[in-house]
Amino acid sequence: MSQTSHEPRKKRTLRKAPFVVITAFLLLWLIGVATGEPARVLEQALQVCLSCIGIG
Amino acid sequence: MEAARKWIQVIVAILTNGSWSFPFTKTLYQGPLKVICAPGLNCYSCPAATTYCPMGSIQQLLGGLRFALENGQYYFGFSVLGSIGVLGGLFGRMICGWACPFGFIQELLHKIPSRKFRIPRMLSHGKYLFLLLFVVVLPLVLVDEFGSGSPWFCKFVCPAGTLEAGIPMLLLQPNLRSTIGLLFLNKFVIMLLFLTWAVFSSRPFCRTACPLGAFYALFSKVRLIKLHLDEAKCTNCKACHHVCPMGVKFNESPNDPECITCLACMNKACQFDAISLEIGGIPLAVPDRGLSPAGKP
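Residues numbered from 1 in each chain as written. Chains lettered and ligands numbered in written order. Predicted model: local features only at pLDDT ≥ 70, side-chain atom pairs only at ≥ 80, totals over all residues.

We now examine the nonpolar core. Residue and element names in this part refer to chain B. Core analysis: the largest hydrophobic core is formed by 96 residues, its most contacted members being Ile95, Phe153, Cys240, Cys265 and Ile275. In terms of residue count, the dominant contributor to this core is helix H5 (residues 78–91) (six residues). Residues from two domains meet in this core; each of domain 1 (2–217) and domain 2 (225–285) gives at least three. What Phe153 contacts, discounting residues up to four positions off in sequence, is Met55, Gln59, Phe130, Phe134, Val135, Cys158 and Pro211. (Core = buried A, V, L, I, M, F, W, Y, C linked by C-beta atoms within 7 Å. Buried ≥ 20, exposed ≤ 12 C-beta atoms within 10 Å, placed from the backbone. Helix = DSSP H or I, 4+ residues; strand = E, 2+ residues; numbered from the N terminus. Domains from an automatic or database assignment. Contact = placed C-beta atoms within 7 Å.)

Moving on, we get to the interface of chain B and chain A. The interface of chain B with chain A comprises 51 residues on the first partner and 37 residues on the second. Of all the secondary-structure elements, those providing two or more residues to the side of chain B that touches chain A are helix H3 (54–63), H5, helix H9 (152–156), helix H10 (159–172), helix H11 (182–200) and strand E3 (282–285) of chain B. Split into classes, the residues belonging to the side of chain B that touches chain A amount to 28 nonpolar, 18 polar and five charged. (Nonpolar A, V, L, I, M, F, W, Y, C, P; charged D, E, K, R; others polar.)

The predicted model of chain A averages 82 in pLDDT, with 79% of residues at 70 or higher. Overall, residues 1–6 of chain A carries pLDDT values under 50, and its contacts beyond four positions in sequence, including any with other chains, amount to seven contacts. (pLDDT = per-residue confidence, 0-100.)

Residue and element names in this part refer to chain B. Taking 1.5 Å per residue, 19 residues should reach 27 Å; H11 reaches 27 Å between its end C-alpha atoms and fits that length. Within H11, burial applies to Phe184, Lys187, Met191, Phe194 and Ala198. Summarising the axial view, the buried residues of H11 lie within an arc of 95 degrees, below the 170-degree limit, and thus occupy one face. Facing away from the buried side of H11 by over 90 degrees, the exposed positions are Leu182, Leu185, Val189 and Thr196. Contacts made by the buried residues of H11 are with helix H7 (101–110), H10 and helix H12 (204–208). (Expected span 1.5 Å × (residues − 1). Arc of directions from axis to C-beta.)

We now examine the packing of H7 of chain B against H11 of chain B. All names here are of chain B. Put simply, H7 and H11 touch, their axes get as near as 7 Å, and they point 50 degrees apart. As judged from the angle between their axes, H7 and H11 are oblique. Of the two possible hands of crossing, H7 and H11 adopt the one that is right-handed. Residues Gln106, Leu109 and His110 of H7 lie in contact with H11, whose contacting residues are Leu195, Ala198 and Val199. Looking at the contact of H7 with H11 residue by residue, the class counts come to four nonpolar, two polar and no charged. (Axes fitted to C-alpha atoms, helices over the stretch in contact; angles between N-to-C directions. Parallel < 35°, antiparallel > 145°, perpendicular 65-115°, else oblique. Left-handed = near helix turned anticlockwise from the far one by under 90°.)

Below, the structure written as structure tokens:
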């Protein structure tokens, strides 16, 4: 049975790891943007990728 | 909460496939929104797609890397990796459970009444192989005489691409039908296998073959939003085992890479309030007894 109703609640602290990870990937995204990559991604996304749909 | 999740799945599927002019234009959406990364697996050659597929895009960028470098363009896929990395850091595989159109399709198929089968846990390693080999290594290493690699996962495996893009494009553009060959047949059979499997087992593609799911799974311990197990409250009754669509034994593995945070264990199974949703370690929600009957695994 549950034992916790009489136990003191554990203090939950803010985890820092997610913020470090998110910041690191945000920086990576910025580097990608700085190199002009989104324009290339857009160029690819606007064309029918025949390979992607199995007929290329 | 389950109803909210279903609504979010529908809304995301509509938003990422929101261009419905294709019956008239007979081709893809050509607008600027396609610079935005789709959170889930959603083929960007789908005529209705308004965003780009991160897996397809990474393969294309890696396949064209040699050519790009020769032209002084440093397209390593950082913007794509950064986009899905931020999403992974925030939500991890919660995206699979809440925002992936192909996951949603599999969930709907699994509602078809039939005998249901478990998926052996060891098959879950397959998706990491697909991520490493088909998405990264093969497009980068196996190149043609011009130095271009192929999007191996899209070309030979991806059932989402066949369903969302291949079939609709063949219907829209009759001239493409003459190009159907063994390649399409292979992908069509793979798609049929996964869709049929989804009727009998829960989310088979997500669990065994999805490279995007494999990528998000890498964030299982560090993601911002995740489920928390209060070990003091847990009685190891194993009720959470029976409701999990991903085969996770939550009380034994609270940071399981397979957890898609669908909240079934929290809302439908645990009667002891041992499972809660947290943001960065801070509790966000308690079990929602009002919307889902408790104790009915």
